[in-house]
Amino acid sequence: MASVENPGGPESKDQEAAADDPPVDKYNVEAAEALASEVLRLPIAEAVPIYEQLLGVFPTCAKYWKQYVEAHMAANNDDATRLIFSRCLLNCLQVPLWRCYIRYIRKINDKKGLEGHEETRKAFLFMLNYVGGDMAAGPVWMEYIAFLKSLPEEMQWMAWKRLLAFEKGNPQRIDAASANKRIEFTYEQCLMYLYHYPDIWYDYATWHAKSGSTDAAIKVFQRALKALPESELLRYAYLELEESRGATPEAKQVYESLFTDGTRNTSLAQIQYIRFLRRTEGVEAARKYFLDARKSPNCTYHVYVAYAMIAFCLDKEPKMAHNVFEAGLKRFMNEPAYILEYADFLSRLNDDKNIRALFERALSSLPAEGSVEVWKRFVEFEQTYGDLASMLKVEQRRKEALSGTTEDEASALEGSLQDIVSRYRFMDLWPCSSQELDHLSRQEWLTRNFNKKSDKLAVSNGAGLMERGLLGPSTSSSDVIYPDTSQMVVYDPRQKTGMPTPMATGPAVAAPSNITNPVPVGVGGNITNAFDEILKATPQALAAFLATLPAVEGPTPDVDIVLSICLQSNIPAAPIGKPGAPQKQSSTGPALSGSEVSTSSKSHPVRSGSSFKQTGDRQAKKRKDLNRQEDEETTTVQSQPLPRDVFRMRQIQKARAATSSQTGSASYGSAFSGDLSGSTG
């Protein structure tokens, strides 16, 4: 009551003093600046609430945002940095803040290669879209230009292409003449950096031609050929322009330059010149040039094929085309591709007799290694247009001719279904399923690798003789190492690979007769079965269990079948301890079986009645508990239904029959009480 009655107490004095103080101005700029300067010396964890307080009062102060985000950048807090930029950038269009954003983007994308460069470029464009028009944005543009210059010989190409497309869109909406000047100026600037890029020259000339400035386009092509004199693409593009405007003499000069400059594709230039003469000057001019070109030592069979097809399709002169092919056959009889082109031409004429004669003439002169495709086409022709007798005859001849070549090792399969498939298929229609095709392909692969393995063995034997100096010096190159494909095998789940033989630690147990390993392994110079050696070192109980398992197909057996076999089999109890070691009874171990108790009682002194009775009761109790636990587990497993699949039941029945014939039928008893009973039939 004293404090209430006394108006001059301490609390009232404090309230009066607070009432006398002027109110705090949270919008005081000087105080905010002082606080922002002080927070620079604080760690980031203590500075965050102060920055949030400042920005809550001054949300558009770019200086505070920049100071805040730089503190997080110094602490490598990327998540917090991104969050702050997302809060402030669009609300504070200040150049220094945005340049801080660019520094962060360049930092995190500096080591990401081309992808990082692209992300940085997008960030620059994003910044310039918002603050590029600021009067203080000059350094930003200079930084962007320096960034573009630092990009690789490909990123600059993309940047210039985008710039050219931008200028062609006339973003300033100026008149056509002024826009064309800007585009031309941009192309010239681009060529300062991409002078040896033929696509830039072609794009520049094409733009002039589309704009109606053909003369300017010709000048660009002429400059391009001086910059890239070895570019055939630019020459053919220039030829198109000259021909399109009807300047035949100028186009001829370009063609002549192709011949005189020693182009690598002389035959291609000759073919294109024949077509050009046929278009511009007519049939006789093209024929005259062909007669001159065929005398050239650089003329290949392509020129004969091209002119023959021109005479056949354009000039409508099949006889002339036939004569051209016949003339070329005398020169290119050993070219399988020319033979096939000639055969296609005769097929269009429906001249089956001359087709067979052509194949016979060609196959009589071609070596076996170079006649594979010709034989294939001959067989396809007979399968399509011949009778069954001629079809079988050609197939047999093909096998005999190619039996010793490596290109057609599958031909060693006499009577293979591959022949039936090739006879009766049509386009994408097959006379078998995809599984059968896979099986045939597997057979072909096995045959090919079997032959390679035989050849490899012969080569290795020869190499051994060379090392002993019996066959003279070796001429094979040791610098090139090829993979040994003969060791490659097709996966077969029924095969088991050999395993190293472990050292036996106990008495050997004979391997059951139904567990074998087909892969022999050489040990110490003798051929032994590694899997059988493992079984000899296997405990008898495990070996008996393995003997009851049926043979299965696939990498893993069926769990239901294995469980069923386990439930139906008689598995003997395994002795406790290491194999071959004498068994010692432990005072704290499990109780002995009945037979062991009777035997041990004869060889050990009999205890007193009370102690023996207590020990016997305790052992009997343990036996009952163990028997009860075993019965419960057996009942739980046997209560599960057996598989109803007929195939699985057959496997189970076969396994039971095999087990009965070897060990007889046995029923489970107590492995601890010694009541195991069985009957053999």
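For every chain, the first residue of the written sequence is number 1, and numbering continues from 1 onward in sequence order. Totals for whole chains, interfaces and linings use all residues, but because this is a predicted model, local features are given only for residues with pLDDT of at least 70 and pairs of side-chain atoms are given and counted only at 80 or more. Values reported for side chains reflect all heavy atoms of the structure, with hydrogen atoms and water molecules removed beforehand.

Comments concerning the overall build of the protein
Then comes step 1: In terms of regular secondary structure, the protein is built from 31 helices and four strands.
Then comes step 2: Per-residue accessibility, obtained with a 1.4 Å probe over protein chains only, is compared with the maximum for each type, and a residue is labelled buried under 20%, exposed over 50%, and partly exposed between these values. Relative to its full complement of 681 residues, the protein shows a buried share of 30%.
Then comes step 3: Accessible area for the protein stands at about 44,000 Å²; split by element, carbon and sulfur atoms hold 56% of it. Think of it this way: any DSSP run of H or I at least four residues long counts as a helix, any run of E at least two long counts as a strand, and we number them from the N terminus. Using the Shrake-Rupley algorithm and a 1.4 Å probe, accessible areas are obtained, with residue cover drawn only from the displayed protein chains.

Structural notes on the UniProt feature "repeat: TPR" (unreviewed entry) in the protein
Then comes step 1: UniProt positions are given in the numbering used here, feature names are shortened, and annotations may be inferred rather than shown by experiment. The positions that UniProt labels "repeat: TPR" (unreviewed entry) are, in the present scheme, residues 198–231.
Then comes step 2: Along residues 198–231 one finds 79% helix and 0% strand; the C-alpha atoms at either end are 8 Å apart.

Structural notes on a nonpolar patch on the surface
Then comes step 1: A cluster of nonpolar side chains, L388, L392, L417, I420 and Y424, forms an exposed patch at the surface whose accessible area comes to about 480 Å².
Then comes step 2: Among the secondary structure elements, those contributing two or more residues to the nonpolar patch are α23 (388–402) and α24 (417–424).
Then comes step 3: Among the elements that make up the nonpolar patch, the one with the highest residue count is α24 (three residues).
Then comes step 4: Tracing the backbone shows I420 in helix α24. A patch consists of residues exposed above 30% relative accessible area that lack any salt bridge, with like charges linked at up to 9 Å and nonpolar side chains (Val, Leu, Ile, Met, Phe, Trp, Tyr) linked at up to 5 Å. Throughout this description, the term salt bridge denotes a Lys or Arg side-chain nitrogen within 4 Å of a carboxyl oxygen of Asp or Glu.

Topic: helix α11 (residues 176–193)
Then comes step 1: Between the first and last residue of a helix there are one fewer steps than residues, each counted as 1.5 Å, and that sum is the expected span. Across its 18 residues, α11 extends 26 Å between first and last C-alpha, which sits within 8% of the 26 Å expected from 1.5 Å per residue.
Then comes step 2: Within α11, the full set of buried residues consists of A179, I183, T186, Y187, C190 and L191. Down the axis of α11, the sector holding all buried residues measures 140 degrees, keeping them to one side. Exposed side chains of α11 directed beyond 90 degrees from the buried face belong to K181, F185 and M192.
Then comes step 3: Contacts made by the buried residues of α11 are with α10 (155–168), α12 (198–210) and α13 (214–227). Note that the arc is defined by the directions from the helix axis to the C-beta atoms. Here, two residues are considered to be in contact whenever any of their heavy atoms come within 4.5 Å of each other.

Describing the pattern of salt bridges
Then comes step 1: For the structure shown, the criterion picks out 25 salt bridges.
Then comes step 2: In this structure, R87 and E52 form a salt bridge, with 3.2 Å as the shortest nitrogen-oxygen distance. Taken together, the residues span a long stretch of sequence, with R87 in helix α6 (residues 78–88) and E52 in helix α4 (residues 44–57) at a distance of 35 residues.
Then comes step 3: Taking the relative accessible area as the measure of exposure, R87 reaches 33% and is therefore partly exposed.
Then comes step 4: Judged by its relative accessible area of 30%, E52 falls in the partly exposed class.
Then comes step 5: Here D203 makes a salt bridge to K168, at a shortest N to O gap of 3.7 Å.

Topic: the packing of α12 against helix α14 (residues 232–244)
Then comes step 1: Structural elements are reduced to axes, namely lines fitted to C-alpha atoms, with helices fitted over the stretch in contact, and the angle between N-to-C directions of any two is expressed from 0 to 180 degrees. The N-to-C vectors of α12 and α14 enclose an angle of 10 degrees; their axes lie 11 Å apart at closest approach. Relative to α14, the element α12 lies roughly parallel. Contact residues: P198, W201, Y202 and A209 in α12; L234, A237 and L241 in α14.
Then comes step 2: In this classification, Asp, Glu, Lys and Arg are treated as charged, Ala, Val, Leu, Ile, Met, Phe, Trp, Tyr, Cys and Pro as nonpolar, and every other residue, Gly included, as polar. The residue inventory of the contact of α12 with α14, partitioned by class, reads seven nonpolar, no polar and no charged. The scheme is simple: roughly parallel for angles under 35 degrees, roughly antiparallel for over 145, roughly perpendicular for 65 to 115, oblique for anything else.

Concerning the side chain of Q383
Then comes step 1: The topology assignment puts Q383 in helix α22 (residues 372–385).
Then comes step 2: Look at Q383 and you get buried, because its relative accessible area is 13%.
Then comes step 3: Within 3.5 Å is the distance limit for a polar contact, defined as a pair of N or O atoms, with the added protein rule that one can donate a hydrogen and the other accept it, and that residues adjacent in sequence qualify only through two side-chain atoms. Polar contacts involving the side chain of Q383 include one to the side chain of S422, which spans 3.1 Å.

Focus on the environment of L402
Then comes step 1: Summarising the element assignment, L402 is placed in helix α23.
Then comes step 2: A sequence separation of 33 residues divides L402 from E369, and the C-alpha atoms of the two residues are 8.0 Å apart.

Structural notes on the confidence of the model for the protein
Then comes step 1: Residues at a pLDDT of 70 or more form 64% of the protein, whose mean pLDDT is 74.
Then comes step 2: The predictor attaches a confidence to each residue, and that confidence, scored 0 to 100, is pLDDT. The low-confidence segment residues 496–528 (pLDDT under 50) makes 53 contacts with residues lying over four places distant or belonging to another chain.

Overview of the packing of aromatic side chains
Then comes step 1: The rule is short: rings of Phe, Tyr and Trp, with Trp giving its six-membered ring, pair when the centres are within 6.5 Å, and they are stacked under 30 degrees, edge-to-face over 60, tilted in between. Taken as a whole and assessed by the stated rule, the structure comprises 36 aromatic pairs.
Then comes step 2: Considering the side-chain rings of F85 and Y104, the 5.9 Å spacing of their centres and the 40 degrees angle between planes classify their relative orientation as tilted. Separated by 19 residues along the polypeptide, F85 in helix α6 and Y104 in helix α7 (residues 95–108) bring together distant segments of the chain.
Then comes step 3: Take Y104: its relative accessible area is 4%, and that puts it in the buried class.
Then comes step 4: Seen in terms of ring centroids, F332 and Y338 are 5.8 Å apart; in terms of plane orientation they differ by 55 degrees. Their pairing is tilted.
Then comes step 5: By way of ring pairs, the aromatic residues F290, Y301, Y304, Y307, F312, F325, F332, Y338, Y342 and F345 are connected into one cluster.
Then comes step 6: Remark: a charge is flagged as sitting over a ring if the NZ atom of Lys or the CZ atom of Arg is within 6 Å of the ring centre and within 35 degrees of the ring normal. Stacked on the ring of W430, the Lys or Arg R425 has its end atom at 4.2 Å from the ring centre.

Thoughts on the packing of α7 against helix α9 (residues 138–149)
Then comes step 1: Across the interface, α7 lies against α9 with an axial gap of 11 Å and an inter-helix angle of 20 degrees. For the element pair α7 / α9, the angle class is roughly parallel. Like other packed secondary-structure pairs, α7 and α9 cross with a definite hand, here left-handed. Along its contact with α7, which presents V95, R99, I102 and R106, the element α9 presents P139, V140, E143 and F147. Note: crossing handedness is left-handed where the near helix turns anticlockwise from the far helix by less than a right angle, and right-handed where it turns clockwise.

So, the environment of R361
Then comes step 1: With respect to the helices and strands, the residue R361 is situated in helix α21 (residues 352–365).
Then comes step 2: Along the primary structure R361 and I339 are separated by 22 residues, whereas in three dimensions their C-alpha atoms are 9.9 Å apart.
Then comes step 3: Setting aside residues no more than four positions away along its own chain, R361 makes contact with E326, L329 and M333.

Section: the state of the cysteines
Then comes step 1: Only a pair of cysteine sulfur atoms within 2.5 Å qualifies as a disulfide here. Using the criterion set out here, one finds zero disulfides in the structure.
Then comes step 2: C92 supplies the cysteine sulfur nearest to C88, a cysteine that is in no disulfide, at a spacing of 5.9 Å.
Then comes step 3: Overall, the relative accessible area of 0% leaves C88 in the buried class.

A word on α6
Then comes step 1: By the burial criterion, the buried members of α6 are T81, I84, F85 and C88. All buried residues of α6 project into a common sector of 100 degrees when viewed along the axis, lining one side. What points out from α6, more than 90 degrees from its buried face, is the exposed set D79, L83 and S86.
Then comes step 2: Of the surrounding elements, those touching the buried residues of α6 are α5 (62–74) and α7.

Structural notes on unusual backbone geometry
Then comes step 1: Its identity is not glycine, yet N76 carries a phi of approximately 60 degrees, on the positive side.
Then comes step 2: Among the structural elements, N76 can be located in the loop between α5 and α6.
Then comes step 3: Assessed through its relative accessible area of 53%, N76 is described here as exposed.
Then comes step 4: Of note in the backbone geometry, K316 takes a positive phi value of approximately 55 degrees without being a glycine.
Then comes step 5: Examined against the element boundaries, K316 turns out to sit in the loop between α18 (301–313) and α19 (318–331).
Then comes step 6: Relative accessible area serves as the criterion here: at 63%, K316 is assigned to the exposed category.

Here we look at the nonpolar core
Then comes step 1: Of all hydrophobic cores here, the largest spans 78 residues; its most connected members are W201, I274 and Y338.
Then comes step 2: Per-element tally for this core: the top contributor is α18, with 10 residues.
Then comes step 3: To form a nonpolar core, buried Ala, Val, Leu, Ile, Met, Phe, Trp, Tyr and Cys residues must be joined to one another through side-chain atoms within 4.5 Å. Within the second largest apolar cluster, 39 residues are counted, among which are A32, A47, Y104 and M127.

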